[in-house]
Amino acid sequence: MTTAQVFSTTRLFDGLPYSEVNQLLYTLRSRTIVQGQYIFNTGQEATCLYLLQDGLVKVSYTTPDGEARILKICESGDIFGELFLGAYRLRIGQAQAMTDCTLYGLGEEDLKFIMQRYPQISLNFMRHLVDSQRHTLARMHVLQRADAKSRLLGTLLHLSRTMCCQGGSYFTLNPSISQQDIADMTGLNRSTVSSLINRLREEGILGGTGRYLTIDVELIADALWDEGFELLE
């Protein structure tokens, strides 16, 4: 799949012809980031947002007591680092490559030019920000109210919805996303996550072996709905 094909399916460029996406990307410069490298760090001046062409990136922050909390995991076609447009221009978290990645940086002047030339992108970007806020509120709802099992299921459903499936389907999580990463997203420790995954595999809600985790998206959504977590839909 070409670069333009990757981004033509992303929300930001929804409604733009393939040729226009290709022309737009031609004006931007790509960067290659190796696994483990930080793209930006807490306290660094925020100068752009990023378009991820390929690979996985985790965006996280560190709590005052030194614990990592993953806010989101991005894959090919995703946007991250959007908050550089706000009043506060210092990063409050960090972004790290989970695999080797290729990405584009989009500064404020670049974004302004693109939005003026392609008004549809302005609407798409606003929709993206609104959806991101809704996902954040949904996760906060679960983390504040749910027990450990529901927190884990909610996190897995969130990953499925954002990385794969909007309807009922089976989804195999990218093995580069470790149980520690899942723990950092749920606010649980790794041993609890490992124990819960084994139990949920025995119950048939999860499948796969080792690092390969298969998720029954529809079954998890129904279980969470029964527990009163309809915001995850």
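This text follows the structure it describes.
Anyway, here's the lowdown on the structure attached to this text.

Calculation criteria
- Residues numbered from 1 in each chain as written.
- Predicted model: local features only at pLDDT ≥ 70, side-chain atom pairs only at ≥ 80, totals over all residues.
- Heavy atoms only, no water.
- Phe/Tyr/Trp six-rings, centres within 6.5 Å; stacked < 30°, edge-to-face > 60°.
- Helix = DSSP H or I, 4+ residues; strand = E, 2+ residues; numbered from the N terminus.
- Buried < 20%, exposed > 50% of the residue type's maximum accessible area, 1.4 Å probe, protein only.
- Lys NZ or Arg CZ within 6 Å of the ring centre and 35° of its normal.
- Axes fitted to C-alpha atoms, helices over the stretch in contact; angles between N-to-C directions.
- Parallel < 35°, antiparallel > 145°, perpendicular 65-115°, else oblique.
- Left-handed = near helix turned anticlockwise from the far one by under 90°.
- Contact = heavy atoms within 4.5 Å.
- Pairing = 2+ DSSP bridges.
- Nonpolar A, V, L, I, M, F, W, Y, C, P; charged D, E, K, R; others polar.

**Examining the packing of aromatic side chains**
Aromatic rings considered in pairs are described by the distance between their centres and by the relative angle of their planes.
Turning to step 1, where the next piece is worked out: For the coordinates displayed, the defined rule picks out 3 aromatic pairs.
Turning to step 2, where the next piece is worked out: Judged by centre distance (6.1 Å) and plane angle (25 degrees), the ring pair of F40 and Y50 falls under stacked. Placement of F40 in strand β2 (residues 38-40) and of Y50 in strand β3 (residues 48-54) is noted, with a sequence separation of 10 residues between them. Exposure class is identical for F40 and Y50. Each is buried.
Turning to step 3, where the next piece is worked out: Each ring, one from Y50 and one from F80, has its centre 5.2 Å from the other, and the planes form 20 degrees; the classification is stacked. Taken together, the residues Y50 in strand β3 and F80 in strand β6 (residues 79-80) connect sequence positions 30 residues apart. Here Y50 and F80 have matching classes, each one buried.
Turning to step 4, where the next piece is worked out: A network of ring pairs unites the aromatic residues F40, Y50 and F80 as a single cluster.
Turning to step 5, where the next piece is worked out: Seen from the ring of F40, R91 lies directly overhead, with NZ or CZ sitting 4.0 Å from the centre.

**What to know about the packing of helix α5 (residues 148-163) against helix α8 (residues 217-226)**
Turning to step 1, where the next piece is worked out: The N-to-C vectors of α5 and α8 enclose an angle of 135 degrees; their axes lie 10 Å apart at closest approach. Classified by the interaxial angle, the pair formed by α5 and α8 is oblique. Considering how the two elements wind past one another, α5 and α8 form a crossing that is left-handed. The residues of α8 that touch α5, namely those facing S150, L153, G154, L157, S160 and R161, are V217, I220, A221 and L224.

**Observations regarding the sheet that holds strand β11 (residues 214-216)**
Turning to step 1, where the next piece is worked out: With antiparallel pairing, 3 strands are arranged side by side in an open sheet as β9-β11-β10. Lying at the two open borders of the sheet, with one neighbouring strand each, are β9 (170-172) and β10 (206-207).
Turning to step 2, where the next piece is worked out: Pairing analysis gives 2 bridges linking β10 to β11, with the strands arranged antiparallel. Note on β11: the bridge partner recorded for G207 is T214.

**Description of the packing of helix α6 (residues 179-186) against helix α7 (residues 190-202)**
Turning to step 1, where the next piece is worked out: Interaxial distance between α6 and α7 falls to 8 Å at its minimum, and their mutual angle equals 105 degrees. Judged by the angle between their axes, α6 and α7 are roughly perpendicular. Across the interface between the two elements, Q179, Q180, I182, A183 and T186 from α6 touch R190, V193, S194 and I197 from α7.
Turning to step 2, where the next piece is worked out: Among the residues making up the contact of α6 with α7, the classes are represented as 4 nonpolar, 4 polar and 1 charged.

No statement about biological role is implied by the geometric values presented.
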